[in-house]
Amino acid sequence: MNEMMEKQQLDAIRQQIDAVDEEIQARINKRAALAQEVARIKLASGDDALFYRPEREADVLRTVKERNQGPLDGEEMARLFREIMSACLALEKPMSIAFLGPDGTFTQAAALKHFGHSVTTTPFNSIGDVFREIESGSCDYGVVPVENSTEGVISHTLDMFLNSPLVICGEVVLRIHHNLLCSPGYDWKQAETIYSHQQSLGQCRHWLDQNLPHAEQIPYPSNAEAARHVAESGKDVAIASSEAATIYQLDTATPNIEDEPGNTTRFLVIGKQQAAPSSQNKTSLLLSTKNEAGGLHRLLAPLAEQGISMSRIESRPSRRGVWDYVFFVDICGHIDDPQVAEALKILETEAGMCKVLGSYPVAVL
């Protein structure tokens, strides 16, 4: 009798679930139809219509998290909406996203986290290639790594902005898990060589010293490329993502070997169009000082005077002269904000160079 009652109760709940599923499917298709209508209106306005609006998407996802009442948490609900929005945008305009390849890199994972899985991700061999493909119009946007919580900035990304006309239109923060990968059946403890990106080797330094102290560490352009090399050679080990293990059919000898539990990497979304203001914004600047005493102080003073918070500053050689430096600065706010606009007006006279790299929404997911 109890089993019969339980079955009846479960059947009743499952019928409700089926009804809800049908309603969800109808609502998603209604949203998709509205997206198609948006596309028709935009196309009628001209060939230069913008379909991807990072500020709009960021605010939609923030609203999803704020109004969510559970039992799913806000982050999980926003991820579901991210994929719905991605599918709807693909109906308006399919997008190609360049990333630092090959397939299976953390940069590809960041691209899919930001744009959803309805875009086409296209791998390239270097950060410079990603910039060039977007500049040429071969890809719509690109995703490049810029800094890691353990190892600091990725210098080549910052250097590319010195001469590129592209702007930053978004950011992605990705929790990084490093895995020790090897060919099926291989005894990883006998490995003589470890392959991975230089940043990943640094992020796993303590674990490697403890567990593979005699193995030579060979830097590779990307973790995924290191995984592919190990798959082809059948020996030694690589440090890479679980996605790379699946793609290149490798075993995960040991998961999560990063030294810092909170290891994260920040990525930048780059494109040709400046993002409009959202509810929470960040602006990245490229500044250089005049070669005189107190130059750096004069760069930062206008920000402080306008009450603008600075979240990061990084110096890099300008390549224009010995001991000549430029500064990459992140501040809170958008270039359309009055305080930011006033600070930039002053910086244009005080700085040797003042280049806005982009104003963009603060990462939501």
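Residues numbered from 1 in each chain as written. Predicted model: local features only at pLDDT ≥ 70, side-chain atom pairs only at ≥ 80, totals over all residues. Heavy atoms only, no water.

Participant: Quick question: what am I supposed to make of a negative patch on the surface here?
Facilitator: Residues Asp-18, Asp-21, Glu-22 and Glu-23 make up a contiguous surface patch of negative charge. Along the polypeptide, Asp-18 turns up in helix α1 (residues 2-45). (Patch = residues over 30% accessible without salt bridge, like charges linked within 9 Å, V, L, I, M, F, W, Y side chains within 5 Å. Areas by Shrake-Rupley, 256 points an atom, 1.4 Å probe, with all protein chains shown as cover. Salt bridge = Lys/Arg side-chain N within 4 Å of Asp/Glu carboxyl O. Lys, Arg positive; Asp, Glu negative; His and termini not counted. Charge placed at Lys NZ, Arg CZ, Asp CG, Glu CD. Helix = DSSP H or I, 4+ residues; strand = E, 2+ residues; numbered from the N terminus.)

Participant: Sorry if this is basic, but what is going on with the sheet that holds strand β14 (residues 325-332) here?
Facilitator: What holds strands together in a sheet is hydrogen bonding between their backbones, with the strands either parallel or antiparallel. Across the sheet, four strands lie side by side as β13-β14-β12-β15; this open sheet has antiparallel pairing. This sheet does not close on itself; its edge strands, each paired only once, are β13 (310-317) and β15 (353-361). Between one strand axis and the next, the sheet turns through 15 degrees on average, direction left out of account. Where strand β12 (residues 281-288) meets β15, eight bridges bridge the pair, whose relative direction is antiparallel. Of the residues in β15, the one forming a bridge with Ser-288 is Met-353. (Pairing = 2+ DSSP bridges. Axes fitted to C-alpha atoms, helices over the stretch in contact; angles between N-to-C directions.)

Participant: Mind showing me how you'd approach the pattern of salt bridges here?
Facilitator: If the charged atoms of two oppositely charged side chains come close together, the side chains can form a pair. Taken as a whole and judged by the stated rule, the model has 18 salt bridges. As a salt-bridge pair, Asp-59 and Arg-62 come within 3.3 Å of each other at their nearest N and O atoms. Of the two residues, Asp-59 and Arg-62 are both situated in helix α2 (residues 54-67); the distance of three residues between them amounts to about one turn of the helix. A residue is classified by how much of its surface remains accessible, and Arg-62, at 8% relative accessible area, is buried. It is possible to trace a salt-bridge network through shared partners that takes in Glu-147, Glu-171, Arg-266, Lys-282, Arg-312 and Asp-330. (Buried < 20%, exposed > 50% of the residue type's maximum accessible area, 1.4 Å probe, protein only.)

Participant: I keep staring at the packing of helix α3 (residues 74-92) against helix α4 (residues 106-115) and nothing clicks. Help me out?
Facilitator: Two quantities define a packed helix pair, namely the angle between the axes and the distance from one axis to the other. Put simply, α3 and α4 touch, their axes get as near as 8 Å, and they point 85 degrees apart. The angle between α3 and α4 falls in the class roughly perpendicular. Between α3, through Arg-82, Glu-83 and Ser-86, and α4, the contact on the second element is made entirely by Leu-112, Lys-113, His-114 and Phe-115. A class-by-class count of the residues in the contact of α3 with α4 yields two nonpolar, two polar and three charged. (Parallel < 35°, antiparallel > 145°, perpendicular 65-115°, else oblique. Contact = heavy atoms within 4.5 Å. Nonpolar A, V, L, I, M, F, W, Y, C, P; charged D, E, K, R; others polar.)

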